[in-house]
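Listed below, chain by chain, are the residues.
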Amino acid sequence: MDTISENKCFEGTQGVYRHESAACGCDMTFGLFLPKEARQGPVPVLWYLSGLTCTHENAMVKAGAQAFAAENGIALIFPDTSPRGQHVADDAAYDLGQGAGFYVNATQAPWAPHFRMWDYVATELPEVVFDAFALDPDRQAITGHSMGGHGALTLAMAHPGRYRSVSAFAPIAHPTASDWGRMQLGAYLGADEAEWAAHDATLQMQEVGLDVPLLVDQGGADQFLDLLMPEALSHAMAARRQDGAFRIQRGYDHSYFFVASFIPDHVSFHADALFG
């Protein structure tokens, strides 16, 4: 693993690291904020999964999460959103290919050799970071924005007992029924829509739900509401009596100004679960 940068940040360290990924068949880069408490021993972890077009850097520099993570002694991990490189398949569309991994394991050409973001985030990157840094694997939580919110929700529902809490900012809530999902799931997983269901938060909420608290924030003025389909997830949560909250934040759009406005609530929400 190579250290790209390390900067002092709120008495802790904001690092950026690169490592060779067997899952993705290329080098992958991630950000990691370690609070000062990590100098004394393992600290709890909050995973942050980013959205379409993002790298590890977007949330790391725009969300403002480090200040609140430092207050609570929580580490933050910012994975990339896809494999990258000249030998990695791509597409001219911004919402397919590099920067748009959708947190699935692709089975279709030309994506299958590299686009295995499910295995990367669920298995490989945790092994890398828990081996190399002072992090507590028994105290994990997960959040994400847009495509990353979709990833956080589906990963958590597929791995009961791993995360103590889950949250999402404006998640792609029902991708099997949305243009932000049908194209990508079809390209990555093939035409059999039965293979898509495990990657649809609404369908998984209906089928299995979560055994931990959930917080979802959705901007009421989000310019992508028709693509996100938040009402589908909200209805599924209500029908299941899911432990959690779905909040519409009036006037907020899909940008990182929205995320930064409510990241204190989300870090506090996760801190209650991680230390409770």
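First things first, this report covers the structure right here in the doc. (Residues numbered from 1 in each chain as written. Predicted model: local features only at pLDDT ≥ 70, side-chain atom pairs only at ≥ 80, totals over all residues. Heavy atoms only, no water.)

1. Thoughts on unusual backbone geometry
- Omega for the peptide link from Ala-109 to Pro-110 comes to 0°, which places this bond in the cis form.
- Looking at the secondary structure, you find Pro-110 in the loop between β5 (75–79) and α3 (117–132).
- For Arg-241, which is not glycine, the phi torsion reads 60° and is therefore positive.
- Turning to its location among the elements, Arg-241 is positioned in the loop between α8 (230–240) and β9 (244–249).
- Residue Arg-241 is classed as exposed on the basis of its relative accessible area of 69%. (Helix = DSSP H or I, 4+ residues; strand = E, 2+ residues; numbered from the N terminus. Buried < 20%, exposed > 50% of the residue type's maximum accessible area, 1.4 Å probe, protein only.)

2. Side note on the nonpolar core
- By size, the foremost hydrophobic cluster in this structure holds 90 residues, and its most contacted members are Trp-47, Tyr-120, Val-129, Leu-135, Ile-142 and Tyr-188.
- The element best represented in this core is α3, accounting for nine residues.
- Those residues within four positions of Tyr-120 in sequence are excluded, and the remaining contacts are His-19, Ser-21, Ala-23, Cys-24, Met-28, Phe-30, Leu-125 and Pro-126. (Core = buried A, V, L, I, M, F, W, Y, C linked by side-chain atoms within 4.5 Å. Contact = heavy atoms within 4.5 Å.)

3. Quick word on helix α9 (residues 256–275)
- Here α9 spans 27 Å end to end across 20 residues, near enough to the 28 Å set by a 1.5 Å rise per residue.
- The largest bend in α9 amounts to roughly 45° and is located at Phe-262, with the proline Pro-264 lying one to four residues further along.
- Among the residues of α9, the N-terminal cap falls to Ser-255, whose side-chain oxygen and the backbone nitrogen of Phe-257 are separated by 3.2 Å. (Expected span 1.5 Å × (residues − 1). Bend = angle between axes of the 7 residues up to and from the residue. Polar contact = N/O pair within 3.5 Å; in protein donor to acceptor, adjacent residues only side chain to side chain.)

4. What to know about the packing of aromatic side chains
- Evaluated as defined, the whole model comprises 11 aromatic pairs.
- For the pair Tyr-252 and Phe-258, a centre-to-centre distance of 6.2 Å together with 50° between the ring planes defines the contact as tilted.
- Classification of Tyr-252 as partly exposed rests on a relative accessible area of 30%. (Phe/Tyr/Trp six-rings, centres within 6.5 Å; stacked < 30°, edge-to-face > 60°.)

5. Here we look at the sheet that holds β9
- The strand order across the open sheet built from nine strands is β1-β2-β3-β5-β4-β6-β7-β8-β9, with neighbouring strands paired in mixed fashion. Where the open sheet ends on each side, the last strands, each with one partner, are β1 (2–9) and β9. Here the strands of the sheet are splayed against their neighbours by 20° on average, with no regard to which way each runs.
- Here strand β8 (residues 214–219) pairs with β9 via six bridges, running parallel. Bridge pairing in β9 links Gly-219 to Gln-249.
- Set on the sheet, α9 makes contact with β4 (43–49), β6 (135–144), β7 (163–169), β8 and β9; between it and β7 the angle comes to about 170°. (Pairing = 2+ DSSP bridges. Axes fitted to C-alpha atoms, helices over the stretch in contact; angles between N-to-C directions.)

6. Looking at the layout of surface pockets
- Taken as a whole, the largest pocket holds about 200 Å³ of empty space.
- If you go around the largest pocket, you meet 13 residues; those closest to its centre are Leu-52, Thr-53, His-145, Phe-224 and His-254.
- Here the residues of the lining of the largest pocket are counted per class, giving six nonpolar, seven polar and no charged. (1 Å grid on protein atoms, 1.4 Å probe; cavity = no way out; pocket = protein on both sides within 12 Å on 5 of 7 lines; lining within 4 Å. Points joined across faces, edges and corners; volume = space filled by probe spheres on them. Nonpolar A, V, L, I, M, F, W, Y, C, P; charged D, E, K, R; others polar.)

7. Focus on the side chain of Thr-154
- Along the polypeptide, Thr-154 turns up in helix α4 (residues 147–158).
- With a relative accessible area of 0%, Thr-154 lands in the buried category.
- A distance of 2.9 Å separates the side chain of Thr-154 from the backbone oxygen of His-150, its partner in a polar contact.
- Within the local environment of Thr-154, its side chain forms a polar contact with the backbone oxygen of Gly-151, the two atoms lying 3.3 Å apart.
- Non-local contacts of Thr-154, meaning those with residues more than four positions away in its chain, are made with Trp-118, Ala-198, His-199, Asp-200 and Ala-201.

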